[in-house]
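Descriptive structure summary
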Amino acid sequence: QVQVVESGGGLVQAGASLRLSCAASGRIFSINAMGWYRQAPGKQRELVAAITRGGSTNYADSVKGRFTISRDNAKNTVYLQMDSLEPEDTAVYYCNVKSAGTMLYPSVDAWGQGTQVTVSS
């Protein structure tokens, strides 16, 4: 039983910044990776950024240099700092949590409900 909750979305103008947060709670022994995905109307869900427990990161080409992903492993929380936002960034942003299981903790591949980011021109 794992809950994933995103926050920090909103409506901003092009060039502005937002900081998204994602907190995981429940029976999680150790999170291996957390990531941000987004889905715009009529489009497929795509990876925006991901980070492993060890700190390795991966970004979509469209956000490199503008977005920064970070994490606080002790708090099971991941952040997405979004700078220089563009109208093309408008989407629902979803947080994904993956963790390996143990004898007492199930493995996890969980999604949050999403937070809306809207960027106007």
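The rules behind each value
- Residues numbered from 1 in each chain as written.
- Predicted model: local features only at pLDDT ≥ 70, side-chain atom pairs only at ≥ 80, totals over all residues.
- Heavy atoms only, no water.
- Core = buried A, V, L, I, M, F, W, Y, C linked by side-chain atoms within 4.5 Å.
- Buried < 20%, exposed > 50% of the residue type's maximum accessible area, 1.4 Å probe, protein only.
- Helix = DSSP H or I, 4+ residues; strand = E, 2+ residues; numbered from the N terminus.
- Contact = heavy atoms within 4.5 Å.
- Salt bridge = Lys/Arg side-chain N within 4 Å of Asp/Glu carboxyl O.

Overview of the nonpolar core
When a protein is soluble and globular, its nonpolar side chains tend to lie buried together. Core analysis: the biggest nonpolar cluster contains 30 residues, and Trp36, Leu80, Met82 and Tyr93 have the highest contact counts within it. For this core, the secondary structure elements donating two or more residues are β3 (18-26), β4 (31-39), β5 (46-52), β7 (67-72), β8 (77-82), β9 (91-99), β10 (108-111) and β11 (115-120).

Digging into the side chain of Ser99
Checked against the element boundaries, Ser99 lands in strand β9. On the basis of relative accessible area, Ser99 is assigned to the buried category, the value being 6%. Filtering out sequence-adjacent residues up to four positions away, Ser99 remains in contact with Ile28, Ser30, Ile31, Asn32, Ser107 and Val108.

Digging into the pattern of salt bridges
Between side chains of opposite charge, pairing is possible as soon as their charged atoms come close. Scanning all chains against the criterion turns up six salt bridges. Between Arg66 and Asp89 there is a salt bridge whose closest N-O contact spans 2.8 Å. Linking Arg66 in the loop between β6 (57-59) and β7 with Asp89 in the loop between β8 and β9, this pair joins segments that are 23 residues apart in sequence. Residue Arg66 is classed as buried on the basis of its relative accessible area of 12%. Exposure remark for Asp89: the relative accessible area of 1% places this residue in the buried category. Of the charged contacts, one joins Lys98 and Asp109 as a salt bridge, the two residues approaching to 3.7 Å between their closest N and O atoms. Taken together, the positions of Lys98 in strand β9 and Asp109 in strand β10 put the pair eleven residues apart, joining distant regions of the chain. Judged by relative accessible area, Lys98 falls into the partly exposed class, the value being 33%.

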